[in-house]
Amino acid sequence: MRPVALAVLAVAVLAGCGAPPELREPTAAPTRTAAPTTPGPSTAPTTPPATAPPLGTVTPTPDAGLVATPCRNGPTGERVVQLLRGRAGVLPANVRVQVRTGPLCAAEWQYTVLQVTGHEELQVVTRGQATAPTLVTAGTDVCTIEVRATSPAGIRALACDAAPASRPSA
């Protein structure tokens, strides 16, 4: 009986394990694996083209006071001379004056250099509107506390930082 018992035991052991995996029928759809692709020429990711900002948007611009440039809408040299001859009383009516530099504008400030016959060169700092500039200071050294503390960088550079010999000429 032993051979029969041994056969029953072998059948029971094998029946509990079931069929080997390679002989089992699939219970779910097989999972497909993607076929490897052949590498092609590599391309860099494309960047969308730069576009201009839509009309009506504000684009930041550098501060107008950083650099002094020839005044497009500022006072003329003649207007600065009139200011000095008028109420300011800096220049007498009989002295000859020629505009050497400027006016140069930075923000609402202006810087002008005048050649005065028989005298040293006269530097002038004004501010305000083109038709009615206000005299800030005039002289051979215009780097006053007001100019140093409140003028834009472009005017301050001309009035305080530049040596007289290196100031711009017209």
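Note that the coordinates shown come from a computational prediction; the quantities given were computed from them, not determined experimentally.

Participant: I'd like to hear about the state of the cysteines, residue by residue, with values.
Facilitator: Per the counting criterion, the structure on display carries two disulfides. The disulfide partner of Cys71 is Cys105, and the S-S distance across this bridge is 1.8 Å. Judged by the sign of its S-S torsion, about 105°, the cystine formed by Cys71 and Cys105 is right-handed. Of the two residues, Cys71 sits in the loop between β1 (69-70) and α2 (77-85) while Cys105 sits in strand β2 (residues 97-106), which places them 34 residues apart along the sequence. On the accessibility criterion, Cys105 (14% relative accessible area) is buried. Note that Cys143 is cross-linked by a disulfide to Cys160, the S-S spacing being 2.0 Å. Between Cys143 and Cys160, the S-S dihedral sits near 105°, and the bridge is therefore right-handed. Residue Cys143 is found in the loop between β5 (134-139) and α3 (145-150), and its partner Cys160 is found in helix α4 (residues 153-161); the two are separated by 17 residues along the sequence. Residue Cys160 is classed as buried on the basis of its relative accessible area of 17%. Each bonded cysteine of the protein is numbered by sequence order, and under that numbering the disulfide pairs are 1-2, 3-4.

Participant: Residue-level account of the pattern of salt bridges, with values.
Facilitator: Counted according to the given criterion, the structure contains two salt bridges. For Arg100, the salt bridge identified is with Glu121, shortest N-O distance 2.9 Å. Taken together, the residues span a long stretch of sequence, with Arg100 in strand β2 and Glu121 in the loop between β3 (109-116) and β4 (122-127) at a distance of 21 residues. By relative accessible area, which is 17% here, Arg100 ends up buried. Accessibility expressed as a relative area gives 26% for Glu121, which makes it partly exposed.

Parameters and conventions
Residues numbered from 1 in each chain as written. Predicted model: local features only at pLDDT ≥ 70, side-chain atom pairs only at ≥ 80, totals over all residues. Heavy atoms only, no water. Disulfide = S-S within 2.5 Å. Helix = DSSP H or I, 4+ residues; strand = E, 2+ residues; numbered from the N terminus. Buried < 20%, exposed > 50% of the residue type's maximum accessible area, 1.4 Å probe, protein only. Salt bridge = Lys/Arg side-chain N within 4 Å of Asp/Glu carboxyl O.

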